[in-house]
Amino acid sequence: MRNENDKRNIERKNYFFIESERKKSFSMEEIAQGLGLQKSEDFKLLVQTIAQMEREQSVVFTKKGKVKLPLKPVLIEGTFRANERGFGFVTIDPEEDDIYIPKEATGYAMDGDTVAIDIIKTADTAMDRGAEGKVVEIRKRATTQLAGEFVAYKEEEISETDLYGVVIPKDKKLNQFKVYAAAEGIRPVDGSIVMVELTHYPEKNYATSLEGIVKQVIGHKNDPGMDILSIVVSNGIPTKFPDDVLAEADQVPDTINEKDLVGRRDLREQLIVTIDGEDAKDLDDAVTVKKLANGNYFLGVHIADVSNYVTEGSQLDREAYERGTSVYLTDRVIPMIPQRLSNGICSLNPHVPRLTMSCEMEIDPNGQVVSHDIFPSVIQTTERMTYTAVNQILEEQDEQVMERYQQLVPMFQEMQELHQILEEMRIRRGAISFEDREAKILVEPDGQPTDILLRSRGVGERLIESFMLAANETVAEHFNKRNFPFIYRIHEQPKEEKMQRFFDFASALGIVVRGTKGTITPKDLQKVIENVEDKPESAVINTMLLRSMQQARYSEDNFGHYGLAAEYYTHFTSPIRRYPDLIVHRLIRSYGQDPSEANQTYWENELPEIAEHSSKMERRAVEAEREVDAMKKAEYMMDKVGEEFEGIISSVVKFGLFIELPNTIEGLIHINELKQDYFHFIENHLALVGERTGLTFKIGQKVRVKVIKADPEERAIDFELIDAEEIVPLERPKTSNKNRPSNRHQKRSSKSHTERNGKKNSYSNERKKGKGPSNKKGKNLFIRELRRKRKNNQ
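Residues numbered from 1 in each chain as written. Predicted model: local features only at pLDDT ≥ 70, side-chain atom pairs only at ≥ 80, totals over all residues. Heavy atoms only, no water.

With an unreviewed UniProt entry as reference, the protein is termed Ribonuclease R, source organism Enterococcus hirae. Recorded in UniProt for the protein, the comment headed Subcellular location (unreviewed entry) runs: "Cytoplasm". You can read under Catalytic activity (unreviewed entry) in the UniProt record for the protein the words "Exonucleolytic cleavage in the 3'- to 5'-direction to yield nucleoside 5'-phosphates." (UniProt positions renumbered as here; feature names shortened; annotations may be inferred.)

Right, here's the structure in full:
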């Protein structure tokens, strides 16, 4: 009797026969002849084998009864972005539209996974419908570990399930998942904040289940500062330096010696100052200015030479690369390099010699750099100035301050003159200046927020910004014109479709925008901002224009900086806190020592990965900073529930209105709370319009609101509308009542504030969906079955 091995052998031969022959389909007789299986017994086995192959979908039959191989799908690789409602999108190319993935076609992919997809519906431009696909393969998991709060099982449950308990993820994007902690490795106490290394991912019948091993206990949820630390860890930001990195930092001397000065220009006799905030500890830039006899200005920008201590390939360098940037949170800084360096030998502290990279420029009265020099140097700053002191000097507000720094006052006055020249130059060429309001959250030692203050930017802050911009542009242009491989800070021209939406919006407000969506210049957009500066539409235009812009990033290719209207731009001025700046310093030294083609080729190969990774780490840091700010602002508003505040509508979306208070706190009025009418979202006006009353809400409109909820866990603040500024109503939507609810309230299909930030998942939610048992004993059986299945699949 023939066995299974014979069938598998025939199956394999059959597959290769069909694949190797030029014909696309074959009759059974042709296959039998080709494989030498014409005998009755052999032919019978061939028929059985092909029937099995058909069931397994490894072959198909044509309408004429012939056998052929199924068409192989053309798979496309991209990044999966999950939506909390179950569906998702795959980004193939940032310049192209995303591919929609229905809920049933996600293949259990998670947010950020690299996936291969098959296109099942092509895009239809006439119907304004994008392409649709299905996930065929998950090629790389984005989430390999996560942080969360540990909920312990009792001993009986541990024995039954072989689990220590469950972990509630701190990352809101993972809220829908139940994370089981295997009973191996570290066993935390209930309420611990832990790091879990994932071992099992969602699969059929267990779409919301993850499993892992607790690898680290970060602390307890009730420990001071654990709320911020949880966000840091959940974003994958390291909180401690490895021992080998700290050991290497300890080897760096606290002072410079004579051999460090070889090949450096000695500028210790120059009048050079640092100007920073009062609480700054890592002083990485110093400046000097003087007016020249020919009417031009001399500007010296001197930056801490971190690359002298953080050398290529060292432990310090690898750690700095991984971190990419320092992260600035409300009550702490997570530095890119150990504080022994950042606050010590690398910080340009006053009255002590420090190693620097210098960019000296001669600038004419039109703001043009007519000559420059870039070189390694040694400086010794004269004073450690603060923005407050410099502003008091320039505004002549404080005689004691003027007296104390009388030696430096003339230089600060010349700094102000040069800053005004540089600022006017940037305005002339079309640099876009958005209204920028920053808030500082004041907290107690235990992390409790006490106040939120708006940061004011005086001349002192703005002149340092002008000088840093000038140095960054000069360094970028220097290396670009020499055709050396380099790393740039780029800001590309807005995408046409986003500009078209902005044009439509501005037109609806009666604002004429010169230029076309594909060729509009920064100067054209600058004029739009200037024309509406004193009008009620100013806030809404600024908001819409900002949303139309692309995100700045690092690149080995120079595409210029659109927002600054700069042809060349890089980051040279903050190597203590940004890795790309450290790389720029390394490039300056490297090309100065070895400008050979081989060295250029080396950097040409290295820079793309450095640029991409640095951009990712920057986005990670920004996300963590935003989450912490949102959490602390919600915490600040907790004892203000029931109080009323004045604010403006900062954003209008389908599910409601976002309101911003003068102190930058933002909250939501959900559309369900707008009981005056049934409201329609008018996208090209960014407005909600009442169907019956015509009542209109749009960006920039003044409102009075009451705080009805503040939830730090959800990072959410909810408002209730008390009163709104009267504005000219938009035309009422002409819609049918066919699909509209009969009552006067909105249909509750829009996202709630909680839904927007991620739904809390619990075992009871799984039960409601038919994914879990209804009692504790049943729950344990359910978990045991899940673990048994996974072990069998290993």
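We now examine helix 13 (residues 496–508). The end-to-end C-alpha distance of helix 13 is 18 Å, a good match for the 18 Å that 13 residues give at a rise of 1.5 Å each. Considered for burial, the residues of helix 13 that qualify are Met499, Phe502, Phe503, Phe505 and Ala506. Relative to the axis of helix 13, the buried residues are bounded by an arc of 165° and lie together on one face. One or two steps after helix 13, the chain reaches Gly510, where phi turns positive at roughly 80°. (Helix = DSSP H or I, 4+ residues; strand = E, 2+ residues; numbered from the N terminus. Expected span 1.5 Å × (residues − 1). Buried < 20%, exposed > 50% of the residue type's maximum accessible area, 1.4 Å probe, protein only. Arc of directions from axis to C-beta.)

The subject of this paragraph is the packing of aromatic side chains. Tallied over the full model, the rule gives 12 aromatic pairs. Note on Phe87 and Tyr100: the rings are 5.8 Å apart at their centroids and 50° apart in plane angle, and the pair reads as tilted. Of this pair, Phe87 sits in the loop between strand 3 (76–82) and strand 4 (88–91) while Tyr100 is found in strand 5 (residues 99–101), placing the two residues 13 residues apart along the sequence. Looking at Phe87, the relative accessible area reads 21%, which means it is partly exposed. Given a relative accessible area of 31%, Tyr100 falls into the partly exposed group. Ring geometry for Phe679 against Phe697: centres 5.6 Å apart, planes inclined by 40°, an arrangement best described as tilted. Placement of Phe679 in strand 29 (residues 679–682) and of Phe697 in strand 31 (residues 696–698) is noted, with a sequence separation of 18 residues between them. For Phe679, a relative accessible area of 3% corresponds to the buried category. Judged by relative accessible area, which is 2%, Phe697 ranks as buried. The structure contains a cluster of three or more aromatic residues connected by ring pairs, namely Phe479, Phe484, Phe486, Tyr488 and Tyr591. (Phe/Tyr/Trp six-rings, centres within 6.5 Å; stacked < 30°, edge-to-face > 60°.)

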